[in-house]
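# A structural walkthrough
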Amino acid sequence: MPFRSDRWWRHAVIYQVYPRSFADGNGDGIGDLAGIRTRLPYLAELGVDALWFSPWYPSPMADAGYDIADHRDIDPVFGTLAEAEALLAEAHEAGLRSIVDVVPNHCSTAHPWFVEAVAAGPGSAARELFWFRPGRGEHGELPPNDWQSIFGGPAWTRTTNPDGTGGEWYLHLFAPEQPDFNWANPKVREEFEQILRFWLDRGVDGIRIDSAALLCKDPELPDFAAGDPDPYTDRDELHEIYRSWRAITDEYGDRALIGEIWLPDTERFARYLRRDELHQAFNFDFLGCHWDAAALRRCIDDTLAAHRPVDAPATWVLSNHDVVRHVTRYGRADTSFALDHRQHRAPTDRMLGTRRARAAALLSLALPGAAYVYQGDELGLPEVEELADEVRQDPMFHRSGGADVGRDGCRVPLPWAGRQAPYGFSPAGSDATPWLPQPADWAALTAQAQRDDPDSMLALYRRALAIRRATPELHDDRLDWLDAPPGALTFRRGAGFGCVVNLAAAPVPLPTHTAVLLTSGPLADGLLPPDTAAWLRLR
Ligand code: TEU
Ligand code: CA
């Protein structure tokens, strides 16, 4: 299928595939490339434009594949490089673009460069590719500075000398199995430029950059006292790196550079989106926003205002593999989310959360820019909060001593068909159990159960995506707010497309329209009930 070749990412719907949990082709209970290939028709029918694949590279899986030992191959648990090439080609045939996940902040302790660095010892060139430092204290027994790992505990781990004594320490902003690269070293830059080319040469349409604001560190590695300038987020040198990455992607034409940037300051965030830097970055403010009309409107306005001066498309993300699924979040008393405010196991009303998630789908798919769908959003999957401690695998759970249960609950394998686990996740006849257990009450949430039910979440997504694709007004950057009753959000896209979301406690009337295109729930006597959204033809 030929693609319209015009900066496609500006209004694309991008579906995140988390390979471990999408579909298992060989029956070992872990998702893989063979499984994804058999499900391409499902994704094409769903109507998304592009697939983003979370890491599929060789990895000891200390952080579910975000600890990479070789950026140019595929982990045997997922398949082979030849299968990845076949998948990319088949996706294109099905009209789906592909985005690969590149993780430049760190690698795995199993990466040959790190293995060599440990062996080569202090002062070696091999250690210069990472952040090795002697410890503080009389015998170097204290970490070189006070930085904390994002997964909990110190951001430093001590090496052991060949004679068994304690050696230098190395920096890891995430797990100890994920040593941070030293981006001041030209060899690191050169290596990643080659990695980008490796995947662009294989026909990928975009690159998702993991932890994109964290790469460069203050070379002094100062302690990080409250109030000091942040020594490792968003440093100026980083923009120069992304300018060179942009030059590379531009050589290939029509490929997208997308950054994962958790940065609450919209002005600093937008600096990454300048003309010669990244094409787009995830908007986590929207993801974390309260289900509240005024808060959402403010978030939408701030987001559009931040993107306008740099002429970058906004992005709208409701969930991903790092956050509590939004069906669960939206059913809580406090509907907001932040990395340090996950509210694990706070009471939730799944019916209410699902109702809001349906409305949120229509809201996010009607906003100007690109929209992201995390696998399972389209099935209305809730967070699986009841996982036993023994099955949890996220390093965040283990590093925090269980204080933070981590992210496994949004990574439970997808239910495809059937009445009980593994719900078609593994092929018929395989007796492997999925790598994380699926709940006993997911029979109604399978893709098969939802396929022919016009009231299902899947049906809603399919209709919304079909309308979005067929509606030119939804492919530009303009949004105009219309007058709305208190607690409702109403906006126009282009001349004739309207979206209304009712976040108030009582039903609201619809604005004047010529047709109702789609609603997230039934109207009541012509009124839009609470926590419901409608797409309208205005004229
Ligand atoms: O995440 C980077 C990141 O900072 C957060 O999303 C992180 O998960 C959160 O701070 C934890 O509280 C990316 C990936 O999306 C995530 O899955 C990886 O674990 C992380 O990088 C390390 O590669
Ligand atoms: Ca498998």
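Notes on the structure follow. (Residues numbered from 1 in each chain as written. Chains lettered and ligands numbered in written order. Predicted model: local features only at pLDDT ≥ 70, side-chain atom pairs only at ≥ 80, totals over all residues. Heavy atoms only, no water.)

## Quick word on the overall build of the protein
In plain terms, the rule: Helix numbers and strand numbers start at the N terminus; a helix is a DSSP run of H or I with at least 4 residues, a strand a run of E with at least 2. Throughout this description, buried means an accessible area under 20% of the type-specific maximum (1.4 Å probe, protein chains only), exposed means over 50%, and partly exposed covers the range between. Should any heavy atoms of two residues lie within 4.5 Å, those residues are counted as being in contact. Residue-level accessible areas treat just the shown protein chains as cover; the underlying method is Shrake-Rupley with a 1.4 Å probe.
Counting its regular elements, the protein contains 15 helices and 18 strands. Projected onto its principal axes, the C-alpha coordinates of the protein cover approximately 80 × 55 × 45 Å. Among the 539 residues that make up the protein, the fraction classed as buried is 60%. Excluding contacts between residues fewer than 6 apart, the proportion of contacts in the protein whose partners are at least 24 apart in sequence is 67%. When the accessible surface of the protein is summed, it comes to about 20,400 Å², and 52% of that surface belongs to carbon and sulfur atoms.

## Concerning the side chain of D24
The test is simple: Charged residues are defined narrowly, with Lys and Arg counted positive, Asp and Glu counted negative, and His plus the chain ends left uncounted. Whenever Lys or Arg places a side-chain nitrogen within 4 Å of a carboxyl oxygen from Asp or Glu, that contact is recorded as a salt bridge. Polar contacts here mean pairs of N or O atoms no more than 3.5 Å apart (in protein, one a potential hydrogen donor and the other a potential acceptor; neighbouring residues in sequence count only if both atoms are side-chain atoms).
Here D24 is to be found in the loop between α1 (19-22) and α2 (33-38). Although D24 is buried, it makes no salt bridge; R39 carries the closest opposite charge, 10 Å away. Reaching out from D24, the side chain makes a polar contact with the backbone nitrogen of G27 at a distance of 3.0 Å. Aside from chain neighbours lying at most four places away, what touches D24 is G29, I30, G31, D32, G35, F425, S426 and P427.

## Let's talk about the packing of aromatic side chains
To be explicit about the condition: Stacked, edge-to-face and tilted labels apply to pairs of Phe, Tyr and Trp rings (six-membered ring for Trp) whose centres lie within 6.5 Å, assigned for plane angles under 30 degrees, over 60, and everything in between, in that order. Here, over-ring charges are defined by two tests on the NZ atom of lysine or the CZ atom of arginine: distance to the ring centre within 6 Å, and angle to the ring normal within 35 degrees.
Within this structure, the stated rule accounts for 33 aromatic pairs. Judged by centre distance (6.2 Å) and plane angle (80 degrees), the rings of Y15 and F22 are edge-to-face. The residues Y15 and F22 share a single accessibility class, namely buried. Members of the aromatic cluster, connected to one another through ring pairs, are W113, F114, F130, F132, Y170, F181, W183, F192, Y242, W245 and Y272. Taking NZ or CZ as reference, R39 lies 4.1 Å from the ring centre of W416, over its face.

## Here's the deal with the pattern of salt bridges
Counted by the stated rule, this structure contains 38 salt bridges. Of the charged contacts, one joins D476 and R493 as a salt bridge, the two residues approaching to 3.4 Å between their closest N and O atoms. In this pair, D476 sits in the loop between α15 (457-470) and β12 (480-481) while R493 sits in strand β13 (residues 488-493), placing the two residues 17 residues apart along the sequence. You can call R493 buried: its relative accessible area is 0%.

## Examining the coordination of the calcium ion (ligand 2)
For clarity, the threshold we go by: With water omitted from the atoms examined, metal sites may look incomplete; donors here are N, O and S atoms no farther than 2.8 Å from the metal, or 3.2 Å in the case of Na, K and Ca.
Coordination of the calcium ion (ligand 2) by the protein involves D24 (OD), N26 (OD1), D28 (OD), I30 (O) and D32 (OD), with metal-donor separations of 2.3 to 2.4 Å. The sequence pattern describing where the donors of the calcium ion (ligand 2) fall on their chain is D-x1-N-x1-D-x1-I-x1-D. Each member of the pair, D24 as well as D32, carries the same accessibility label: buried.

## Thoughts on the site of ligand 1
What counts is decided by this rule: Here a residue is considered near a molecule or strand provided that any single heavy atom belonging to it is located within 4 Å of it. Here the nonpolar group is Ala, Val, Leu, Ile, Met, Phe, Trp, Tyr, Cys and Pro; Asp, Glu, Lys and Arg are the charged ones; every other residue, Gly included, is treated as polar.
Around ligand 1, a shell composed of 19 residues is seen, among which D63, D210, H321, D322 and R407 lie nearest. W262 places a polar side-chain atom, nitrogen or oxygen, 3.0 Å from an oxygen atom of ligand 1. Here an oxygen atom of ligand 1 and a side-chain polar atom of H321 are 2.8 Å apart. With the chains in place, 95% of the 480 Å² that ligand 1 exposes on its own is no longer accessible. When its residues are assigned to classes, the shell around ligand 1 shows seven nonpolar, four polar and eight charged.

## Details of the packing of helix α12 (residues 350-366) against α15
Heads up, the rule is: Simply put, an axis is a line fit to the C-alpha atoms, just over the touching stretch for a helix, and the angle between two N-to-C directions goes from 0 to 180 degrees. When an angle is under 35 degrees it counts as roughly parallel; over 145 it counts as roughly antiparallel; between 65 and 115 it counts as roughly perpendicular; any other value is oblique.
For the pair α12 and α15, interaxial distance at closest approach is 10 Å and the crossing angle is 10 degrees. What the angle tells us is that α12 and α15 run roughly parallel. For the pair formed by α12 and α15, the contact residues are T354, A357, R358, A361, L362, S364, L365 and A366 on the first element and M457, L460, Y461, A464, L465 and R468 on the second. A class-by-class count of the residues in the contact of α12 with α15 yields 10 nonpolar, two polar and two charged.

## Describing the sheet that holds strand β18 (residues 532-537)
Within a beta sheet, neighbouring strands are joined by backbone hydrogen bonds and run either parallel or antiparallel to one another. As a reminder, the rule being used: Two strands are counted as paired when DSSP detects at least two bridges linking them.
Taken in spatial order, the five strands of this open sheet run β12-β13-β14-β18-β16, and their pairing is antiparallel. In this open sheet, the two edge strands, each paired with only one partner strand, are β12 and β16 (515-519). Of the pairings in the sheet, the one linking β16 to β18 comprises four bridges and is antiparallel in character. By the bridge assignment, T519 is partnered in β18 with A534. In the packing of α12 onto the sheet, the strands contacted are β13, β14 (497-502), β16 and β18, and the crossing angle to β18 comes to about 35 degrees.

## Quick word on the nonpolar core
The criterion, for reference: Residues grouped as a nonpolar core are buried Ala, Val, Leu, Ile, Met, Phe, Trp, Tyr and Cys residues, joined through side-chain atoms within 4.5 Å.
Among the nonpolar cores identified, the biggest contains 152 residues, and Y15, W56, W199, Y242, W245 and W535 are the most heavily contacted of them. Counting residues per element, this core draws most heavily on α12, at eight residues. One finds W147, L173, L221 and Y232 within the second-largest nonpolar core, a separate group that totals 14 residues.

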